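# Tertiary structure, described
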Amino acid sequence: MPANHRYSIQTASIVLACAVLASCSSAVNPVNWVTPYRVDVIQGNFISSEQVEQLRPGMSRDQVRAVLGTPLMASLFHADRWDYVFTLKRQGVDSQTYKYTVFFNGDQLERFAGDAMPSEAEFIAKLDNKRKLGKVPPLEATEEQLKAAEKSSAARPAAGAAAAAVAAPPANPQTTVYPPLESPKQ
């Protein structure tokens, strides 16, 4: 087989392999197997359904701030409106956004409206890391394990005594005297 013919077959097979790999879905594409780490982005104040239940019309601005926290947005043009927005963006999970607005009449809470807020327990369950660590080992030794440990430690007293003798300091340690750091003035 001539050399030119052999190189043209190799070139054609490489081009064909590249075309096949390029047409594959992203699950097969090796470039998409490794993705950079993206930091979780948390913005705003999370408001739970328990906090919303504490709101009552007629509350002062300070009382609302004590229950819900400082609003994310308070506009000079809408002084009687506070907007609470919470956004959570995590890698591999759809971003979560919750919005809640409270309206004031002067210094008194008039009304409040917004998204249906999850309870604290529900929200924490949504934050589940998707990484399961497996079964937690027992943290307490059984009676059989304790007895086996006693037998193994009783079988090795000679080795333990030899190690203790080596590690013990000598009875008369020789003290080292160092010269003074500064020479005496004469």
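Residues numbered from 1 in each chain as written. Predicted model: local features only at pLDDT ≥ 70, side-chain atom pairs only at ≥ 80, totals over all residues. Heavy atoms only, no water.

Assigned secondary structure in the protein chain consists of six helices and five strands. Its helices and strands taken in sequence order, the protein chain reads α-β-α-α-β-β-β-β-α-α-α from the N to the C terminus. By residue count, 17% of the 186 residues in the protein chain fall in the buried class. Across the protein chain, every contact between residues at least 6 apart in sequence was considered, and the portion connecting residues at least 24 apart equals 51%. Within the structure as shown, the protein chain displays about 15,200 Å² of accessible surface, and the carbon and sulfur contribution to it stands at 59%. (Helix = DSSP H or I, 4+ residues; strand = E, 2+ residues; numbered from the N terminus. Buried < 20%, exposed > 50% of the residue type's maximum accessible area, 1.4 Å probe, protein only. Contact = heavy atoms within 4.5 Å. Areas by Shrake-Rupley, 256 points an atom, 1.4 Å probe, with all protein chains shown as cover.)

Grouped together as the largest cluster of nonpolar side chains are 18 residues, with contacts concentrated most on Leu 55, Val 64, Leu 68, Tyr 84, Tyr 100, Val 102 and Leu 109. Every element with two or more residues in this core is listed here: helix 3 (61-68), strand 3 (81-90) and strand 4 (93-105). When residues no more than four places from it in sequence are discounted, the contact partners of Leu 109 are Leu 55, Arg 56, Pro 57, Gly 58, Met 59, Val 64, Val 102, Phe 103 and Phe 104. (Core = buried A, V, L, I, M, F, W, Y, C linked by side-chain atoms within 4.5 Å.)

Note on aromatic pairs: each is described by the distance of the centres and the angle between the planes. Tallied over the entire structure, the rule returns six aromatic pairs. Ring centres of Trp 82 and Phe 104 lie 4.7 Å apart, and the angle between their planes is 65°; this geometry places the pair in the edge-to-face category. Of this pair, Trp 82 sits in strand 3 while Phe 104 sits in strand 4, placing them 22 residues apart in sequence. A single burial state applies to Trp 82 and to Phe 104, both of which are buried. When the centroid spacing of 5.5 Å and the interplanar angle of 75° are considered together, the rings of Phe 86 and Phe 123 count as edge-to-face. Taken together, the residues span a long stretch of sequence, with Phe 86 in strand 3 and Phe 123 in helix 4 (residues 120-126) at a distance of 37 residues. Aromatic rings pair up to connect Phe 46, Phe 86, Tyr 98 and Phe 123 into one cluster. The ring of Phe 104 is capped by Arg 61, whose NZ or CZ atom sits 4.4 Å from the centre of that ring. (Phe/Tyr/Trp six-rings, centres within 6.5 Å; stacked < 30°, edge-to-face > 60°. Lys NZ or Arg CZ within 6 Å of the ring centre and 35° of its normal.)

Looking at chain direction, strand 3 and strand 4 are connected through nine bridges and run antiparallel. Note that in strand 4 the partner of Arg 90 across the bridge is Val 93. Hairpin connection, strand 3 to strand 4: the antiparallel pair is bridged by two residues, and Gly 92 has positive phi, about 80°. Pairing of strand 4 with strand 5 (residues 108-114) involves six bridges; the strand directions are antiparallel. Residue pairing across strands places Val 102 opposite Phe 112, the latter belonging to strand 5. Hairpin remark: strand 4 followed by strand 5, antiparallel, with two residues in the connecting loop; positive phi at Gly 106, about 75°. (Pairing = 2+ DSSP bridges.)

A cluster of acidic side chains, namely Glu 50, Glu 53, Glu 120 and Glu 122, defines a negative patch on the protein surface. Inspection of the secondary structure puts Glu 122 in helix 4. Taking relative accessible area as the criterion, Glu 122 reaches 46% and is therefore assigned partly exposed. (Patch = residues over 30% accessible without salt bridge, like charges linked within 9 Å, V, L, I, M, F, W, Y side chains within 5 Å. Salt bridge = Lys/Arg side-chain N within 4 Å of Asp/Glu carboxyl O. Lys, Arg positive; Asp, Glu negative; His and termini not counted. Charge placed at Lys NZ, Arg CZ, Asp CG, Glu CD.)

So, about helix 3. All of the buried residues along helix 3 are Arg 61, Val 64, Val 67 and Leu 68. Around the axis of helix 3, the buried residues are gathered within 125° of arc, so they sit on the same side. The exposed residues of helix 3 that point more than 90 degrees off its buried face are Asp 62 and Ala 66. The inward-facing, buried residues of helix 3 contact helix 2 (49-53), strand 3, strand 4 and strand 5. Note on helix 3: the residue one or two positions beyond its end, Gly 69, has a positive phi of about 95°. (Arc of directions from axis to C-beta.)

Our next topic: the pattern of salt bridges. What the rule picks out here adds up to six salt bridges. A salt bridge links Asp 80 to Arg 61, with the shortest nitrogen-to-oxygen separation between them at 3.1 Å. Taken together, the residues span a long stretch of sequence, with Asp 80 in the loop between strand 2 (73-74) and strand 3 and Arg 61 in helix 3 at a distance of 19 residues. Look at Asp 80 and you get partly exposed, because its relative accessible area is 36%.

Honestly, that's just the spatial picture; any functional story needs more than this.
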